[in-house]
Amino acid sequence: MKKQDKILTIILIAGLFVFILSADLFFDSYIKRVLNLCAIYTILALSMNLINGFTGLFSLGHAGFMAIGAYVVGIFTVPVEMRSMVFYLKPMHPLIANIELPFFAALILGGLLAALVAFLIGAPVLRLRDDYLAIATLGFSEIIRIIITNAQSITNGSLGIKNIPPTANIWWIFGTAFVTIVFIILLISSSYGRAFKAIREDEIAAEAMGINLFNHKVLSFIIGAFFAGIGGGLYGALLGTVDPKNFLFVLTYNFLLIIVLGGMGSVSGTIISAFIVTAGQEWLRFLDEPLSIGSFDIPLFRPGFRMVVFSILLMLIVLFYRNGLMGTKELNWDMLKRIGSKFSFKRPKGGEAK
Amino acid sequence: MSSTTLQHLANGVSLGSLYALVAIGYTMVYGILRMINFAHGDIFMMAAYFAFFGIATFRVPWPFAFIGVILATALLGMLVERSAYRPLRDAPKNSILISAIGVSFLLENLANYLFSGKPKAFPEITFFANTVVIGGVSIQVITFFIPAVTMIILAILLYIINRTKLGMAMRAVSKDYETAMVMGIDINKVIAATFAIGSGLAAMGAIMWGIKYPQVQPMMGVMPGLKCFIAAVIGGIGNIKGAVIGGFILGLGEILLVAKLSSLTGYRDAFAFILLILILIFRPTGILGEKTTEKV
């Protein structure tokens, strides 16, 4: 990295820090909530992109891993004295009924548990080819959800867990998102990351170059699941309640939309599109409200229209704009400078220092 | 055999037949395009809505309504193929998969938007709701009707695949897509026909599903869709007889699981997925599937 770029990066990070600080102090709770959701979706989409975009494994199990993280946070952070109120139908299992963990420990435990499950699932499933892998991971994500629904003494079954303390504020969430982004960038620029990309491009060639396919696939899967668990934990703490219905596999489609729009295999693309899609879903809520101009009601606008628009958007991107915003490229300072110089007339084209 | 066992068996066979009908659509599309048509379950759901509106809202007599529904659904299947799959035929496999997921998502949201998310009651048709008493158990006519229809369809389909020109073209395309094209087979027509047949069968499945389990809602196609895909994999994907066998195994297994081990009722939906994973580990080509080797 050039010195100038280093300084720019530090300025950017400082700028973001100031932005979050001012957001925390001045923004109203609704906007803060949307921002938090954007950051959580960044974590989740990025971890899914590690598996799907960088390693080329078409996995649809993200909702399941997320559910594990969310439930671990839910189970262990609800204060002990409130548990009998939450678990009113069937008391909590005595083994865990008196264990209460601090939020951070529960978050990490959730991530680790999701990673462990990914390890157990990965052993049989990652030997499968693309579409079989998709359906098998989707199946596991549903099995996780079904187990959660049925294990009433641990997860409170279909009633869900309420009264999760709202520890996850904007600092927690953006901090975790930042750590995730840095970790993923370091990972994919390491030798492991290059091996992942080699597997994505051509499995047979990668194997011939001495890459252990299976180990690398499992590694990518486990790391992706770990961050999915973390993201899920934050999500549960942000909502204050977890419910098996939150984690239907349709949720995974949201992250799929994000990584397809951002570009399968681009970190910066994923971050940008996580914010666009999540904030867009909030701002487009007016599509679900009846709209009238004067006394004339526009008939299209009623509940459900927003999701129709979103699914059409996904289709259009896949059909006409397959590489998404970034493809496999990354946004870096050189690219920004090039774009900048295109719009400014002071500097001749291609005139910047090489 | 006790009377309840007989009842369970009859239910298992008819559920299995329904799975089989839908599974055939998956297996045919997979055989030709090597893709999971994720939208198949939602085409099934749309067919159930078509039938609901045909009978309950427009009051078309049921035999005509059924024919109309089957034709409309076949058209829908062809439309999906034409607009969402054909433009991506030479694209990377993942793009087609995403497109299929996109169609499925779109159809669900569209149904939710147009027909509202509230479940609708499928109209009762007296002919099918009548019960017959056999060996001391009363069983609905539809329970017998479903396997009978499935068997007839299977016979017709096998005839088409093995004896007609269209069937020959389908087999050629599924063996080797490019060579078939060189031989002068109109690939687009063959693929469109495959989608039409598959969707038509899904429509029959949906109508009979609606009669047996009378509730129509936008997400009704998701679970049956996934299970039928699993049935197709169990039987050996690409193989029509295999799809039927897989459907029966899944349907019977599910009903018997719920009947005999009632404590596991909550895990009913997990049963299919566990079966899928076992089959993928121990016999990835399914019961009747051919072994394929990867060419470098």
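Quick look at the structure, then. It should be emphasised that the depicted structure is a prediction, and the values quoted were computed from it without experimental measurement. (Residues numbered from 1 in each chain as written. Chains lettered and ligands numbered in written order. Predicted model: local features only at pLDDT ≥ 70, side-chain atom pairs only at ≥ 80, totals over all residues.)

### Some thoughts on the overall build of chain A
Turning to step 1, where the next piece is worked out: Assigned secondary structure in chain A consists of 16 helices and two strands.
Turning to step 2, where the next piece is worked out: Here chain A has a C-alpha radius of gyration of 22 Å; the compact-globule value for 354 residues is 20 Å, and the two agree.
Turning to step 3, where the next piece is worked out: Dimensions of chain A along its principal axes, counting C-alpha atoms only, are 70 × 65 × 40 Å.
Turning to step 4, where the next piece is worked out: Evaluated residue by residue, chain A yields a buried proportion of 44% over its 354 residues.
Turning to step 5, where the next piece is worked out: The long-range fraction of contacts in chain A, counting pairs at least 24 apart against all pairs at least 6 apart in sequence, stands at 80%. (Helix = DSSP H or I, 4+ residues; strand = E, 2+ residues; numbered from the N terminus. Rg over C-alpha atoms; globule rule 2.2 N^0.38 Å. Buried ≥ 20, exposed ≤ 12 C-beta atoms within 10 Å, placed from the backbone. Contact = placed C-beta atoms within 7 Å.)

### Here's the deal with the overall build of chain B
Turning to step 1, where the next piece is worked out: For chain B, the helix and strand inventory stands at 12 helices and two strands.
Turning to step 2, where the next piece is worked out: Helices (α) and strands (β) of chain B occur, in sequence order from the N terminus, as α-α-α-α-α-β-β-α-α-α-α-α-α-α.
Turning to step 3, where the next piece is worked out: Counting the 296 residues in chain B, one finds 48% classified as buried.
Turning to step 4, where the next piece is worked out: Of the contacts formed within chain B by residues at least 6 apart in sequence, a portion of 75% connects residues at least 24 apart.

### Describing unusual backbone geometry
Keep in mind that most residues, glycine aside, have a negative phi and that most peptide bonds are trans.
Turning to step 1, where the next piece is worked out: For A:Asn163, which is not a glycine, the phi torsion comes out positive at approximately 65 degrees.
Turning to step 2, where the next piece is worked out: Relative to the elements of secondary structure, A:Asn163 occurs in the loop between α8 (152-155) and α9 (170-188).
Turning to step 3, where the next piece is worked out: One non-glycine residue, B:Arg34, lies in the positive phi region at around 55 degrees.
Turning to step 4, where the next piece is worked out: Following the sequence through the fold, B:Arg34 ends up in the loop between α1 (3-33) and α2 (40-57).
Turning to step 5, where the next piece is worked out: Assessed through the 16 C-beta atoms surrounding it within 10 Å, B:Arg34 is described here as partly exposed.

### Re the interface of chain A and chain B
Turning to step 1, where the next piece is worked out: With 30 residues of chain A in contact, the opposing surface of chain B contributes 32 residues.
Turning to step 2, where the next piece is worked out: Elements represented by at least two residues in the side of chain A that touches chain B include exactly α7 (130-150), α13 (250-262) and α15 (305-320) of chain A.
Turning to step 3, where the next piece is worked out: If you tally residues by element for the side of chain A that touches chain B, the top one is α7(A), at 12 residues.
Turning to step 4, where the next piece is worked out: Classifying every residue of the side of chain A that touches chain B gives 21 nonpolar, five polar and four charged. (Nonpolar A, V, L, I, M, F, W, Y, C, P; charged D, E, K, R; others polar.)

### Things to note about the pairing of strand β2 (residues 137-140) of chain B
Residues and elements named next belong to chain B.
Turning to step 1, where the next piece is worked out: Pairing analysis gives four bridges linking strand β1 (residues 131-134) to β2, with the strands arranged antiparallel. The residue bridging Val-133 from the neighbouring strand is Ser-138, located in β2.
Turning to step 2, where the next piece is worked out: Hairpin connection, β1 to β2: the antiparallel pair is bridged by two residues, and Gly-135 has positive phi, about 55 degrees. (Pairing = 2+ DSSP bridges.)

### Comments concerning α7(A)
Turning to step 1, where the next piece is worked out: With 21 residues, α7(A) ought to run about 30 Å at 1.5 Å a step, and its terminal C-alpha atoms sit 30 Å apart, in line with that.
Turning to step 2, where the next piece is worked out: A large share of α7(A) lies buried, amounting to 16 of its 21 residues. (Expected span 1.5 Å × (residues − 1).)

### Some words on the environment of B:Ile142
Residues and elements named next belong to chain B.
Turning to step 1, where the next piece is worked out: Note that Ile-142 resides in helix α6 (residues 141-163).
Turning to step 2, where the next piece is worked out: Ile-142 gets classed as partly exposed once you count the C-beta atoms within 10 Å, which come to 19.
Turning to step 3, where the next piece is worked out: Expressed as a C-alpha distance, the spacing of Ile-142 and Ser-14, which sit 128 residues apart in the sequence, is 8.4 Å.
Turning to step 4, where the next piece is worked out: With sequence-adjacent residues up to four places away left out, Ile-142 is seen in contact with Phe-128, Met-208, Ile-211 and Lys-212.

### Considering the nonpolar core
Turning to step 1, where the next piece is worked out: B:Ala47 and B:Ala48 are the most contacted members of the largest nonpolar core, which has 194 residues in total.
Turning to step 2, where the next piece is worked out: When neighbours within four sequence positions are excluded, B:Ala48 is seen to be in contact with B:Ala206, B:Trp209, B:Gly210, B:Val216 and B:Met220. (Core = buried A, V, L, I, M, F, W, Y, C linked by C-beta atoms within 7 Å.)

### A word on the packing of helix α2 (residues 29-54) of chain A against helix α14 (residues 267-283) of chain A
A packed helix pair is summarised by two numbers, namely the angle formed by the two axes and the spacing between the axes.
Residue and element names in this part refer to chain A.
Turning to step 1, where the next piece is worked out: Contact geometry for α2 and α14: axes closest at 8 Å, N-to-C directions at 140 degrees. The orientation of α2 relative to α14 falls into the category oblique. In terms of crossing hand, the pair formed by α2 and α14 is right-handed. Of the residues in α14, those touching α2 at Val-34, Leu-37, Cys-38, Tyr-41, Thr-42, Ala-45, Leu-46 and Asn-49 are Val-267, Thr-270, Ile-271, Ala-274, Phe-275, Thr-278, Ala-279 and Glu-282.
Turning to step 2, where the next piece is worked out: Among the residues forming the contact of α2 with α14, the class breakdown is 11 nonpolar, four polar and one charged. (Axes fitted to C-alpha atoms, helices over the stretch in contact; angles between N-to-C directions. Parallel < 35°, antiparallel > 145°, perpendicular 65-115°, else oblique. Left-handed = near helix turned anticlockwise from the far one by under 90°.)

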